[in-house]
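If you want the building blocks of each chain, they are given just below.
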Amino acid sequence: MDNTDLMREAQTKFEKKLIQEKYNVNVAFYVHLKEYNNTVRDELEKRLEEVFFYARGVDWKFDSFGIEKAGKRNKDILGFFIFRTANITELKKLFKEYFEDYDNAIKITCSVAEYEKINETFFELDV
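Residues numbered from 1 in each chain as written. Predicted model: local features only at pLDDT ≥ 70, side-chain atom pairs only at ≥ 80, totals over all residues. Heavy atoms only, no water.

A. Quick peek at the packing of aromatic side chains. In this structure the tally under the stated criterion is seven aromatic pairs. Geometrically, the ring pair formed by Phe-29 and Phe-95 is stacked, given 3.9 Å between the ring centres and 5° between the ring planes. Here the residue Phe-29 occupies a position in strand 1 (residues 23-33), and Phe-95 occupies one in helix 3 (residues 88-99), the gap between them amounting to 66 residues. The same class applies to Phe-29 as to Phe-95, namely buried. When the centroid spacing of 5.1 Å and the interplanar angle of 10° are considered together, the rings of Phe-95 and Phe-99 count as stacked. In this pair, Phe-95 and Phe-99 both sit in helix 3, four residues apart, roughly one turn of the helix. (Phe/Tyr/Trp six-rings, centres within 6.5 Å; stacked < 30°, edge-to-face > 60°. Helix = DSSP H or I, 4+ residues; strand = E, 2+ residues; numbered from the N terminus. Buried < 20%, exposed > 50% of the residue type's maximum accessible area, 1.4 Å probe, protein only.)

As structure tokens, then:
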């Protein structure tokens with residue numbers, strides 16, 4: 001595919017569903033862990049599901065989740081969760097509530113990144 005296939009504006013109803021918001025705020029939560037074992041991933045996923053379940057009324061979308069083991073880039077074991085939201089205050093409250101009693105957590109650090117869409121084009125792939 002070359003750049004000639006790119007369209008400046010969404011034309012079909014399917015393309016219009018793909019349109020991304022002009023402004024986007026990503027909130028990343030990093031749970032610094034004491035240890036990593038076979039149950040950590042399940043424990044973190046369960047707590048995340050609880051945040052999802054009780055978060056009715058908070059306008060946010062889950063983006064990604066993972067675990068980064070200690071290594072050259074980082075000395076801590078991190079469980080990370082990334083959300084898209086404009087309601088940072090409520091999301092912070094939920095995370096504190098559902099992780100404050102998690103014995104494997106040392107601390108939680110957060111990052112808030114604001115993005116503005118500069119350009120958006122569309123294309124279709126034949127399969």
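B. View of the pattern of salt bridges. All chains considered together, the criterion is met by four salt bridges. The closest approach of N and O atoms between Lys-96 and Glu-100, which form a salt bridge, is 3.7 Å. Overall, the relative accessible area of 54% leaves Lys-96 in the exposed class. Residue Glu-120 is joined to Lys-117 by a salt bridge in which the shortest nitrogen-to-oxygen separation is 2.7 Å. Glu-120 sits in the buried class, given a relative accessible area of 16%. (Salt bridge = Lys/Arg side-chain N within 4 Å of Asp/Glu carboxyl O.)

C. Here's a closer look at a nonpolar patch on the surface. A surface patch of nonpolar side chains, amounting to about 400 Å² of accessible area, comprises Phe-123, Leu-125 and Val-127. The topology assignment puts Leu-125 in the segment after strand 4 (105-116). Classification of Leu-125 by relative accessible area gives exposed; the value is 58%. (Patch = residues over 30% accessible without salt bridge, like charges linked within 9 Å, V, L, I, M, F, W, Y side chains within 5 Å. Areas by Shrake-Rupley, 256 points an atom, 1.4 Å probe, with all protein chains shown as cover.)

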